[in-house]
Amino acid sequence: MKSPMKSDSVYGILAEFNGTGGLLNAAKLVSKAGYTKWDTYSPFPIHGMDDAMNLKPSILGRIVFAHGILGFLLGAGLTIWTSSIAYAHNISGKPFANIPSYVPVTFELTILLSAFGAVFGMFFLNNMPKHHNKLFNSERFKRATDDGFFIVIETDDDLYNESKTADLLRQAGAIHIEPISA
Amino acid sequence: MSTAQPNTYWRSLNELSHNDEYKRFVDREFQANATELTDGYSRRNFLQIMGASIALAGFAACRKPIQKILPYSRQPEFVVAGNPLFYATAIPFRGAVTGLVVQTHEGRPTKVEGNELHPDSLGGTNVLQQATILDLYDPDRSRNILLGGESKTVAEFSAFCAEFFTSGKRVAFLSEATSSQTVSRIRRSLSSRFANSTWVTYEPFGEENALLGTQTVFGSKLRAIPQYDKANVVVSFDNDFMSSGPDSVRAAKLFAKRKKVMSTQDDMNRLYVVESNYSLTGSNAEHRVRVKSSEVAQVAFALAAAVGADGFSGYSNAHSSHDILNQMAADLRAQNGAAVVVAGDDQPVSVHAAVAAINVAIGSVGNGVTYAALPFTDSANQNEAFTKLISDLKAGSYDALVMVGTNPVYTAPADVDVKGALSAVGTVVHLSTHVDETSAALPATGWHVNRAHFLEAWGDGLSYTGAESVIQPLIQPLFGGLSDIEVLNLIATGTFTAGHDLVKTTWGTADWREVLHDGLRKGTSFRAEAARTASGAGQAVRSLADGAASVDGIEIVFKPDSKIYDGRFANNGWLMELPDPITKITWDNVALMSPATAGQFGVEYPRSSILRAPADEEPMVSITSNGNTVELAIWVVPGHADDSITVYTGYGRTHSGRVGSGQGVDVHPLRTSGSPLFTSGTVTKSSNTYSIASTQDHHSMEGRPLIREATLVAYKANPTFAPDLVKVPGPIDDNGQAISLFNEQTFPEREPQWGMTIDLNACTGCGVCTIACQAENNIPVIGKNEVRRGREMHWIRVDRYFSGDVNGNPQIVHQPIPCMHCELAPCEQVCPVAATTHSDDGLNQMTYNRCIGTRYCANNCPFKVRRFNFFNYPKTFLTEGTDPEVVQMAMNPDVTVRFRGVIEKCTYCVQRLSRAKIESKRETNSVKPKDGSVKTACQQACPSDAIYFGDLTDSNSTVVQTKRNERNYLLLEELNIRPRTSYMAKLRNPNEATA
Amino acid sequence: MSQTSTYVPEKPLVEGNHTFGSLTALIGDITEKPAPTWWYIAFGISNLLLGLLLTMIGYLIWEGTGVWGITNPVGWGWAIINFVWWVGIGHAGTLISAILFLFRQGWRTAINRFAEAMTIFAVICALIFPGIHVGRIWLAYWMFPFPNGMQMWPNFNSPLLWDVFAVGTYFTVSLLFWYVGLVPDFATLRDRVKSSIGAKVYGFFALGWTGGNRQWQHYEKAYLLLAGLATPLVLSVHTIVSFDFAVSIIPGWHTTIFPPYFVAGAIFSGFAMVMTLMLLARKLYGLEDIMTINHIEKMNLIILVTGNMVGFAYIMEFFIAWYSGVTYEKAAFINRAMGPYAWAYWTMFLCNVISPQFFWSKKMRTSIVASFILSIVVNIGMWFERFVITVTSLAQDFLPSSWGYYSPTWVDILTYLGTFGLFFTFFLLFLRFLPMVSMAEIKMVMPQADPHYNESKGGHA
């Protein structure tokens, strides 16, 4: 059930913290409080943050594995099919399906497709590219890619309450709090 | 093994000096007999051939032959477009004709082969004959009759002849040697019409001395006709009879018959050669005596004395005491007639006289050699007649001079003022294929008549052995042009008669069709003369012998080039680019000398540094003789006689054409009528250097078992010495092959499986296979600079290695290397685009259209037989010259012309194989042609039948027999690439007495 | 990519009292400040050389492969030598980003960014040669397996084809790896550049990166996986390049030691090249705090190790040649050391085996000058190694009759010079417009990055 006091002109509430330690502790409190639509922002990944926010492990590994299999099949299929079926020639008296010669190509294609999986899979999971993000409405937030450590809790969160949420963040040690306009 | 390997092969010429230290290094680093491959062999080291400029020059093939012919609106008889026709004809050269069969495509001669019916060809050819096609299509040939440079019509010339050559005119005829019966016939009417006329035969390297020699002994000019097939022992005094002389094809054929050792039961002949320069024949000798050319006579006399020749009783000289001489004599006497002694045309009369006396003494007349009178020679000494003629002309004793062929301005000795004679006589007629030096020197009133190539005009002649042959034209004259008989007849009668009628008049009509079909009148030949020693011959010869003097100090020896002869073939790109059989030099002539002689000119030898800078050039000597000086590059030939320098004529032409002009150095200025064969001279080191394009610069086999050789005795003791030389390690599969890591592809039953065997014992190394291949497969000529870079395009090359003592008398071995068509070809697997694959009939195919030119296959070929088109040689050719279409006509329409950026190589003449398979399929419904019905170009051309080719699935085929022969071995067998081309080991049959 | 304090006790990886902000400024400002004069001069020269390269290629395509010095029997010359040389250099980047990452070598963060950049540009230089060295350049695309009307396919037995796949994959993956690493830094630049165009451009490439931990989670996973994939890849690439030689039957090429030997050589030359560039960059841009002597020493140690691996391979080749008992094999190696190309062989030996030995001394390892000189010497040596392998083996193979000496033409030489133009044109643009040090990663290896940083300080107080 939605909070009555929620205003639509606000995207979320931005709180800045002091250094990685501060952010980590705050994250623990916020997640303990049960918020879901929130995230911590830092210029670099912080060790232990995933646990602090208790995030599920990334599923990227499975995506990459699938691509790897695909690449392997593509490589093996291409080499064997072309050399022994589509374009079979007596070359140096070697068998048409001269498997050892096909290892390098198969291997490279496996790696290539796995790499595609890793990169584009990551973009997909991070829903990138996304050039317009409400977060960018906050001047202060720019420092998230420099030396700022922030928590943003979205107004869409069921538990969101303008004052309560702000208090929570203040208790968590926020050195600055501001709303981010939608 | 040691018996199988009599010679310790020495390293490359240039670092033999490093031999010992190097060997020490080797022994320290790698213990000897660390491998079974190296036993009994020395180890290898290094020498390089360099290229410098990347400029592009010379001839090349063309993209598509454009044929200037009319469509067959009315189909001529027998002609099926695309199928070649073959006609018999004969090629005249130096007064003898050799029978040919010429292949024509849609009326366009494309390839010459030997005429098997012809006793002087027996199906073989030599390099000059193979290359004559390119002479026919030489765009630089003269295209008009010229009077003082003005072009005239045939009618105008006929009018002139009719008007000028009135009876009684004092006409001098200067002709190249010719045996034409029609010419002889016309000469009779000439001499009757022009009472005060004279006819002189002029050949810079003619057989005059030989004839005068026999004249001394037998009282009349007789031609010695060696019967090599009957001779167990052959002694050659400076006679390079295997090279490109008028008798070379027959000689090679007959000589090879005696070298075909197919089992330990067979015997073979023995060859002694006495010479200064290392000749092709010398390289095939069992025993080679290296003496100065001017000393050869002394050896001949000593031999004459040793065999007790008439007039030599009590004679002896410095050579008489030599063991080899007496062994030679004993060997000759022991054959009771089954032996022959021959002397080179480049030797003085005395030698030929002595040789004739020897042949008589050893009883070989009518056995090892026959003597024949020539119907067309004059009794007078033609060498003297020539000099006399020139002075008479200057004296104004003649109204006109008619030159049939010949190029005296270029070829005449320096002291014979031909130019002066030409201007003195005024009215001159010069029949010549090119506007050459002589035509260019004609006075304003001199006529140059463009001569027809023999494939364009009717003619006839007698072969070296006297077979009456007819020269049948294959094509209308490309540039107009008259034949010698037409011109002579015109002068004789004042009216023009077609050559065909002239020849037919001579020959009569009885067997005309048969003659044309066979190319000769069957069974005709010179009558063998009894050749009895004339009275007083002995004293005559003896006086010659006593009078003979050899050149003190350094002698300069003049030899006709083995490819362009006296320069008459200088404009032939195929010949120019054909590597010399011994030096492997292309496009140039050099000063050939021994290591010791080179040392006199400060040429360090072997050179101290084994490195050759890219721009490295050869040092030069300047040779001064008779007041003239020429500069030539020094080229060291181990085994050349000391204090002797051999120079080849025919180079340095000024009016030869695009190819020949300016190539090499003209050495004629050094020759005088007094000493046309060898002369003394002062030789000094020049400060200049000169770049030489040689296709093989490394002369040692590095102790590798490439050419396997044994004496006949050693072979009989151990028949399988050759295959035994290399033991391939590792297990053997069911087919006796070394095992592979994979299951090899198999070949379908229905298909023939092509294979080749090359008999190194029969092969003389003449290089005709290279030219035949070039003619058959449209191989481009790329020019000197490209050859220097090492980019020669020949599909089959002849490797040449020296063995033995570099400073002494080393031996030479030759090995033709075509593509081996390996069953497990290393070249195929590395091509990224599968442009080279294996066919069902076992060919290693090259797909030009698919090739992108990575050159990986060439790198990975252990025999380095793959050739790369570094530039667009064809395009260069197409855009150069007056009208390239002419040369395009020389191309074989059955063979693709390759373009820039693709690899090419020997195909076993796949175009011939396919044609044969189609024929066979039509006749027998099997694609396996019957044995002998298909020949590769190299095989067909080879005058000594050293190449066998055929279907390996036909167990009775000759090629299978040779593969089963115990001398048969595979080159680089240890690589397990399974070449389809194999070799039969070389044998030598040295005189045991010398051992 | 989370770092723990376990390895912090070693030398600080960033010197000077830097804060996160000051580091961002130190690196980020370079892209905003006007470029120094030397940059324009260097860029101009590079462009001239690049023009030279294009001219030479044009001339080559117009005239034909014959304008090079290649001949029979030496069908491969400088083109292939340069190809292998550049690809070798191109190995350092991915190695540093991938393998050192997996080994948790924090010090890599100072150099991985432009080592990767160098890799990509070096591989571009390398890729030119297989394209232009073929006889019919306009058909080079036939090496790719694409369906076509002629229904023809390439020959997968050919090492050259393996090359196409290996180097192609390597280039693609390196590029992706590099870009992924750049994304957070693009975001940083997006958020700090003054010019709106700059912001738009950097923003475009930042793909809307926010630095949220939910992004960092997948990002780190992706980076880890890429590193795991790139590690076997980087090892496979030069292995396969070495197959070009090892799979043939030419004595001196047909050698099983080639794969490890080539890989070691590649790392060797790659690190040397990184060293050369790094020493210049740190001086010219005053990055001494980030690229410390400590870094230089670590890299010199790797150069020393790989150099000795290469030296070991040289000696092993000779031993095996003798041990094999094959005449041709033996001769090939004797020729290398004693033959007409001995000068090349001993140049190689001096540069690759002797010169790195100086790094046994700490004094040399930590000397900027010594490191700079030796890094260049090493790459000269590595070029000669490829020359020796390619040319000497072909020049003197089985049949002495076909032996021939190879010498380059002016076209060969100028083409090679030209590739430096290409390389430095790209590299200078990179220095000018991209952060040459990974800002996000360098911050991670600062002590402040550790969440317990303050507590531990408090604990001591």
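Residues numbered from 1 in each chain as written. Chains lettered and ligands numbered in written order. Predicted model: local features only at pLDDT ≥ 70, side-chain atom pairs only at ≥ 80, totals over all residues. Heavy atoms only, no water.

1. Regarding the overall build of chain C
Scanning chain C for helices and strands turns up 17 helices and zero strands. Against the globule reference of 23 Å for 461 residues, chain C gives a C-alpha radius of gyration of 24 Å, in line with a compact fold. Principal axes of the C-alpha set define a box for chain C whose edges measure 80 × 55 × 45 Å. In chain C, of all internal contacts separated by at least 6 residues, the share reaching a separation of at least 24 is 81%. Per element, the accessible surface of chain C, about 14,800 Å² overall, is 75% carbon and sulfur. (Helix = DSSP H or I, 4+ residues; strand = E, 2+ residues; numbered from the N terminus. Rg over C-alpha atoms; globule rule 2.2 N^0.38 Å. Contact = heavy atoms within 4.5 Å. Areas by Shrake-Rupley, 256 points an atom, 1.4 Å probe, with all protein chains shown as cover.)

2. A short note on the pairing of strand β1 (residues 10–17) of chain A
All names here are of chain A. In terms of burial, β1 is a largely internal element, eight of the eight residues being buried. Note that β1 and strand β4 (residues 176–181) share six bridges and pair antiparallel. Residue pairing across strands places I13 opposite P179, the latter belonging to β4. In this sheet, strand β3 (residues 149–154) lies alongside β1 in antiparallel orientation, the contact comprising six bridges. Its bridge partner lying in β3, G12 is registered against E154. (Buried < 20%, exposed > 50% of the residue type's maximum accessible area, 1.4 Å probe, protein only. Pairing = 2+ DSSP bridges.)

3. Some remarks on the interface of chain B and chain A
Tallying the contact residues gives 13 residues for chain B and nine residues for chain A. Together, the buried faces of chain B and chain A total about 1,000 Å²; carbon and sulfur atoms form 53% of this surface. The largest contributions to the chain B side of the interface with chain A come from F742(B), Q745(B) and Q829(B), which together make up 49% of the buried area. Across the chain B-chain A interface, the total number found is zero salt bridges. Linking chain B to chain A there are six residue pairs in polar contact (both at pLDDT 80 or more). When residues of the side of chain B that touches chain A are traced back to their parent elements, those giving at least two are α25 (826–829) and β33 (836–838) of chain B. Tallied by class, the residues present in the side of chain B that touches chain A amount to five nonpolar, five polar and three charged. (Buried area = accessible area lost by both parts, 1.4 Å probe. Salt bridge = Lys/Arg side-chain N within 4 Å of Asp/Glu carboxyl O. Polar contact = N/O pair within 3.5 Å; in protein donor to acceptor, adjacent residues only side chain to side chain. Nonpolar A, V, L, I, M, F, W, Y, C, P; charged D, E, K, R; others polar.)

4. What about the interface of chain B and chain C?
Listed as interface residues are 76 residues of chain B and, on the opposing side, 74 residues of chain C. The contact between chain B and chain C buries some 6,100 Å² in all, and 59% of this surface belongs to carbon and sulfur atoms. At the junction of chain B and chain C, the tally comes to one salt bridge. For K864(B), the salt bridge is made with D397(C), and the minimal N-O distance between the two is 2.9 Å. Here chain B is connected to chain C by 40 residue pairs in polar contact (both at pLDDT 80 or more). Listing elements by their share of the side of chain B that touches chain C, those giving two or more residues are α1 (19–29), β31 (797–803), α25, α26 (856–860) and β35 (867–868) of chain B. The dominant element in the side of chain B that touches chain C, judged by the number of residues it contributes, is α1(B), at four residues. When grouped by side-chain class, the residues that make up the side of chain B that touches chain C number 40 nonpolar, 18 polar and 18 charged.

5. Observations concerning the packing of helix α9 (residues 258–284) of chain C against helix α14 (residues 368–395) of chain C
Residue and element names in this part refer to chain C. Between α9 and α14, the shortest axis-to-axis distance is 9 Å and the interhelical angle comes to 145 degrees. Where α9 crosses over α14, the two elements pack in a sense that is left-handed. Residue composition of the contact of α9 with α14, grouped by class: 16 nonpolar, six polar and three charged. (Axes fitted to C-alpha atoms, helices over the stretch in contact; angles between N-to-C directions. Left-handed = near helix turned anticlockwise from the far one by under 90°.)

6. Quick notes on the side chain of D191(C)
Looking at the secondary structure, you find D191(C) in helix α6 (residues 159–192). Setting aside residues up to four positions removed in sequence, D191(C) forms contacts with K142(A) and T145(A).

7. Regarding the sheet that holds strand β19 (residues 528–529) of chain B
Two orientations exist for strands paired in a sheet by backbone hydrogen bonds: parallel and antiparallel. What the three strands build is an open sheet, ordered β8-β13-β19 (chain B); its pairing is antiparallel. The strands lining the two open edges of the sheet, one partner per strand, are β8 (222–226) and β19 of chain B.

8. Structural notes on the nonpolar core
Counting residues in hydrophobic clusters, the biggest one holds 342 residues, and the most contacted among them are F863(B), W86(C), F114(C), F427(C), F430(C) and M436(C). By residue number, the principal contributor to this core is α6(C), which donates 18 residues. By size, the runner-up hydrophobic cluster in this structure holds 57 residues, among which are L271(B), L325(B), V351(B) and A545(B). (Core = buried A, V, L, I, M, F, W, Y, C linked by side-chain atoms within 4.5 Å.)

9. Some details on the pairing of strand β12 (residues 339–343) of chain B
Residues and elements named next belong to chain B. The element β12 is largely enclosed, with a buried count of five among its five residues. Of the two faces of β12, the one carrying A339, V341 and A343 and the one carrying V340 and V342 are both buried. For strand β9 (residues 233–237) and β12, the ladder comprises five bridges, and the chain directions are parallel. Among the inter-strand pairings, F237 is bridged to a residue of β12, identified as A343.

10. As for the packing of helix α8 (residues 293–306) of chain B against helix α10 (residues 349–361) of chain B
Residues and elements named next belong to chain B. Packing of α8 against α10 brings their axes to within 9 Å, and their N-to-C directions diverge by 20 degrees. In terms of axis orientation, α8 runs roughly parallel to α10. Judged by the twist between their axes, the crossing of α8 over α10 is left-handed. Contacts between α8 and α10 pair A297, A300, F301, L303 and A304 from the former with S350, V351, A354 and I358 from the latter. Here the residues of the contact of α8 with α10 are counted per class, giving eight nonpolar, one polar and no charged. (Parallel < 35°, antiparallel > 145°, perpendicular 65-115°, else oblique.)

11. Brief notes about the pattern of salt bridges
Where charged atoms of side chains with opposite charge meet at close range, the side chains can pair. Residues and elements named next belong to chain B. A complete count under the given rule lists 61 salt bridges over all chains for this structure. Taking the shortest distance from any N to any O, the salt bridge between R170 and D399 comes out at 2.9 Å. On the criterion of sequence distance, the pair formed by R170 in the loop between α3 (154–164) and β6 (171–175) and D399 in the loop between α11 (382–395) and β14 (400–404) is long-range, its members being 229 residues apart. The exposure class of D399 is partly exposed, given its relative accessible area of 23%. Between D840 and R750 there is a salt bridge, with the nearest N and O atoms lying 3.6 Å from each other. Highlighted residues: D840 in the loop between β33 and β34 (844–846) and R750 in the loop between α22 (721–724) and β30 (754–759), separated in sequence by 90 residues. Taken together, the shared-partner salt bridges in this structure form one network comprising R750, E751, D840, D841 and K917.

12. Remarks on the confidence of the model for chain B
Residue and element names in this part refer to chain B. Model confidence for chain B is summarised by a mean pLDDT of 85, while 90% of its residues fall at 70 or above. Predicted confidence is poor over residues 1–19, with pLDDT under 50, and the contacts of this stretch with residues over four places away or in other chains come to 74 contacts. Predicted confidence for residues 21–70 stays below pLDDT 50, and this span has 187 contacts to residues more than four positions away or in other chains. (pLDDT = per-residue confidence, 0-100.)

13. As for helix α4 (residues 181–193) of chain B
Residues and elements named next belong to chain B. Its 13 residues give α4 an end-to-end C-alpha distance of 19 Å, which sits within 8% of 18 Å, the value for a rise of 1.5 Å per residue. Where α4 is concerned, the buried positions are Q181, T182, V183, I186 and L190. Turning to α4, the residues buried within the fold contact β6, β7 (198–201), β17 (459–462), β18 (468–471), α15 (484–493) and α16 (499–507). For α4, the N-terminal cap is S180; the gap from its side-chain oxygen to the backbone nitrogen of T182 is 3.2 Å. (Expected span 1.5 Å × (residues − 1).)

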